[in-house]
Amino acid sequence: MTPEEFALALEKQGLPISEQKIGLFREYLTFMLAYNEKVNLTAITEPGDIWLKHFYDSLTPLIFLPVPNPTKKFSLIDVGSGAGFPGIPLKIADPNLQLTLLDSLQKRIVFLDKLVRKLSLDDVETVHGRAEDFGQNPNFREKYDFAIARAVSGTNTLLELLLPFVKVGGKAILMKTVHDENEIFHASKALEELGGRASQSFSFELPNGDPRVLIVVDKIAPTKNKYPRKAGTPKRSPIGGKNG
């Protein structure tokens with residue numbers, strides 16, 4: 001995918017993007033590839049694949065979940081942000097986003113700090129740590145309109161990592177590559193424990209045909225105090241004993 005194809009594909013989805021924002025994505029790509037030479041940020045290094053599998057993919061929540069009030073600021077925490085996906089592309093596309101990037105590896109946080117400065121992005125906070133720890137931190141717990149993760153972890157695990165960050169009335173967004181129709185059924189116990197309710201699920205394909213799914217969960221009640229459990233437990237022992 002070229003930058004021009006990227007812009008055209010977004011426009012077809014009702015998400016037009018300005019030349020100025022395309023310029024920021026170009027800077028992002030160039031800086032990330034140079035930094036990737038010394039710190040492993042991404043295995044995807046072909047520019048065309050970055051435009052498609054990182055940039056376009058990161059913006060798909062805006063295609064399916066338009067912000068209710070486009071003039072009002074809203075908060076989002078990107079859990080396990082890595083090289084900044086999906087948080088930084090979402091911030092470029094919608095400057096009203098107040099963004100927190102959480103990652104457990106200090107080297108990636110250093111990169112993200114430099115990237116944020118290079119792109120002159122405001123209202124972006126980076127945090128070094130694990131979701132299990134910060135989900136119990138009163139400065140972060142139930143403070144966000146949205147929590148998002150683009151990850152391969154099971155659904156029950158992701159719910160335990162995301163929902164503690166979301167304020168009642170907000171949403172958790174799970175970005176996945178595969179979709180088991182039974183996974184939300186298996187997540188009923190986790191949703192009950194964490195204060196969530198399954199809202200929507202969108203199965204779709206990227207322009208090249210790669211499958212994707214967005215699972216959206218509404219936060220309808222406060223998360224029980226014992227969640228999230230200590231680091232590693234949500235993955236090792238998911239709530240309800242099943243993972244999708």
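Visitor: So, helix α5 (residues 106–118): which residues are in play, and what are the values?
Guide: An ideal rise of 1.5 Å per residue puts 18 Å on 13 residues; α5 measures up with 18 Å between its terminal C-alpha atoms. Residues of α5 that are buried in the fold lie against α2 (19–35), α4 (87–93), β2 (97–103) and β3 (124–128). Looking one or two places after α5, you find Ser120, whose phi comes out positive at around 55 degrees.

Visitor: Tell me about the packing of aromatic side chains, residues and numbers included.
Guide: Inspection of every chain in the model, using the stated rule, returns 17 aromatic pairs. Relative to Phe55, the ring of Tyr28 lies with its centre 5.2 Å away and its plane at 40 degrees, an arrangement referred to as tilted. Pair noted here: Tyr28 is in helix α2 and Phe55 is in helix α3 (residues 47–64), with a separation of 27 residues, a long-range link. Across the pair, exposure class does not vary: Tyr28 and Phe55 are buried alike. Taking 5.4 Å as the distance between ring centres and 15 degrees as the angle between the ring planes, the aromatic pair formed by Tyr28 and Phe85 counts as stacked. Placement of the pair is Tyr28 in helix α2 and Phe85 in the loop between β1 (74–79) and α4, with a sequence separation of 57 residues. Of the two residues, Tyr28 and Phe85, neither departs from the other in class, the shared state being buried. By the ring-pair criterion, three or more aromatic residues cluster together here, those being Phe6, Phe25, Tyr28, Trp51, Phe55 and Phe85. A cation over a ring is seen here: Lys38 above Tyr35, with NZ or CZ 4.6 Å from the ring centre.

Parameters and conventions
- Residues numbered from 1 in each chain as written.
- Predicted model: local features only at pLDDT ≥ 70, side-chain atom pairs only at ≥ 80, totals over all residues.
- Heavy atoms only, no water.
- Helix = DSSP H or I, 4+ residues; strand = E, 2+ residues; numbered from the N terminus.
- Expected span 1.5 Å × (residues − 1).
- Contact = heavy atoms within 4.5 Å.
- Phe/Tyr/Trp six-rings, centres within 6.5 Å; stacked < 30°, edge-to-face > 60°.
- Buried < 20%, exposed > 50% of the residue type's maximum accessible area, 1.4 Å probe, protein only.
- Lys NZ or Arg CZ within 6 Å of the ring centre and 35° of its normal.

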